Amino acid sequence: GLELLITAGPTQEFLDPARVLSNPSTGLMGVLLAQAARLRGAEVQLVHGPLQVPEAWLESLHCHPVASAGEMGTVLQRHQPGVDAIAMAAAVADLRRSADDPQIKAKPSKADLAARLSSGWELVPDLLAELAERRPVGQVLLGFAALTGDDDNLKRSGEDKRRRKGCDLMMVNPIDRAGQGFGQPCNGGWLLGNGWVQHFPSTSKLRLAHQLLCP
């Protein structure tokens, strides 16, 4: 009987008409989280970048395909007021070309590319922090942090990110360990809340999705 808003997949920021800045996310974790919520009786809005999952896995989800972080932010703002909880599983790119860069509409040669990319950057909008700032009372917000490092540093970095972003929960998942993370069938890590930590050993992303819905 609840309504959830979930993001999945990478975002893409065009460097020029032929090249994009993105990451290896396939969208599997977010899609499985959305389907696990749907099978538990939720109505799910899925906002996703380019996915690498079978089309059938999107069945019965309300899908909103986007490309860039800006497009994702627009859809999130439109749907946020009516949902009970939000899970930001998408891997949003950190940088984009400045909107006022006149060269973004022209493809540079390979020889000129390094010089072109040495300037003209700006940070993409912080979608998670924006959600936290405008969320209504009672709305639960789960963020994801794809990080590298040892266990203690991961948990410290994740808690710092949870506090800075203003979300209730932060799932910290290492992406530098064999068999889990981007493009892999398994995932694991630590779910951080206000004063508590729960460890999830590496497992299938579907199983982890169900665990996150009932921590």
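Residues numbered from 1 in each chain as written. Predicted model: local features only at pLDDT ≥ 70, side-chain atom pairs only at ≥ 80, totals over all residues. Heavy atoms only, no water.

Participant: Which residues make up the nonpolar core, and what are the values?
Facilitator: One finds Ile6, Leu46, Phe144, Met171 and Leu212 to be the most contacted residues of the largest nonpolar core, which totals 29 residues. Of all the elements in the fold, those that place two or more residues in this core are β1 (3–8), α1 (28–39), β4 (43–48), β6 (85–88), β9 (140–147), β10 (169–174) and α6 (205–213). Element by element, the count of residues in this core is highest for α1, at 8 residues. What methionine 171 contacts, discounting residues up to four positions off in sequence, is Leu142, Gly143, Phe144, Ala145, Gly188, Gly189, Trp190, Leu191, Phe200, Leu208 and Leu212. Counting 23 residues, the second-largest nonpolar core is a separate cluster that includes Leu131, Leu147, Cys167 and Trp190. (Core = buried A, V, L, I, M, F, W, Y, C linked by side-chain atoms within 4.5 Å. Buried < 20%, exposed > 50% of the residue type's maximum accessible area, 1.4 Å probe, protein only. Helix = DSSP H or I, 4+ residues; strand = E, 2+ residues; numbered from the N terminus. Contact = heavy atoms within 4.5 Å.)

Participant: Describe in detail the side chain of asparagine 187, supporting the description with residues and values.
Facilitator: Mapping asparagine 187 onto the fold places it in strand β11 (residues 186–193). Contacts of asparagine 187, omitting those with residues within four sequence positions, involve Met29, Asn173, Gln180, Gly181, Pro201, Ser202, Thr203, Lys205 and Leu208.

Participant: Mind laying out helix α5 (residues 151–165), listing which residues take part and the relevant values?
Facilitator: The terminal C-alpha atoms of α5 lie 21 Å apart, and with 15 residues this matches the ideal 21 Å at 1.5 Å per residue to within 8%. Within α5 the residues assigned to the buried category are Leu154, Gly158, Glu159, Arg162 and Lys165. Taken end-on, α5 shows its buried residues confined to a sector of 140°, consistent with a single buried face. Of the exposed residues in α5, the ones pointing more than 90 degrees away from its buried face are Arg156, Arg163 and Arg164. Looking at the buried residues of α5, the elements they touch are α4 (127–134), β9, β10 and β11. For α5, the capping residue at the N-terminal end is aspartate 150, with a side-chain oxygen 3.2 Å from the backbone nitrogen of aspartate 152. (Expected span 1.5 Å × (residues − 1). Arc of directions from axis to C-beta. Polar contact = N/O pair within 3.5 Å; in protein donor to acceptor, adjacent residues only side chain to side chain.)

Participant: Describe the packing of α1 against α6, and please don't skip the residues or the numbers.
Facilitator: Where α1 contacts α6, the two axes come as close as 8 Å, and the packing angle between them is 55°. In terms of orientation, α1 lies oblique with respect to α6. For the pair α1 and α6, the crossing hand works out as right-handed. Along the contact surface, α1 presents Leu28, Met29, Leu32, Leu33, Ala36 and Ala37, while α6 presents Lys205, Leu206, Leu208, Ala209, His210, Leu212 and Leu213. When its residues are assigned to classes, the contact of α1 with α6 shows 11 nonpolar, 1 polar and 1 charged. (Axes fitted to C-alpha atoms, helices over the stretch in contact; angles between N-to-C directions. Parallel < 35°, antiparallel > 145°, perpendicular 65-115°, else oblique. Left-handed = near helix turned anticlockwise from the far one by under 90°. Nonpolar A, V, L, I, M, F, W, Y, C, P; charged D, E, K, R; others polar.)

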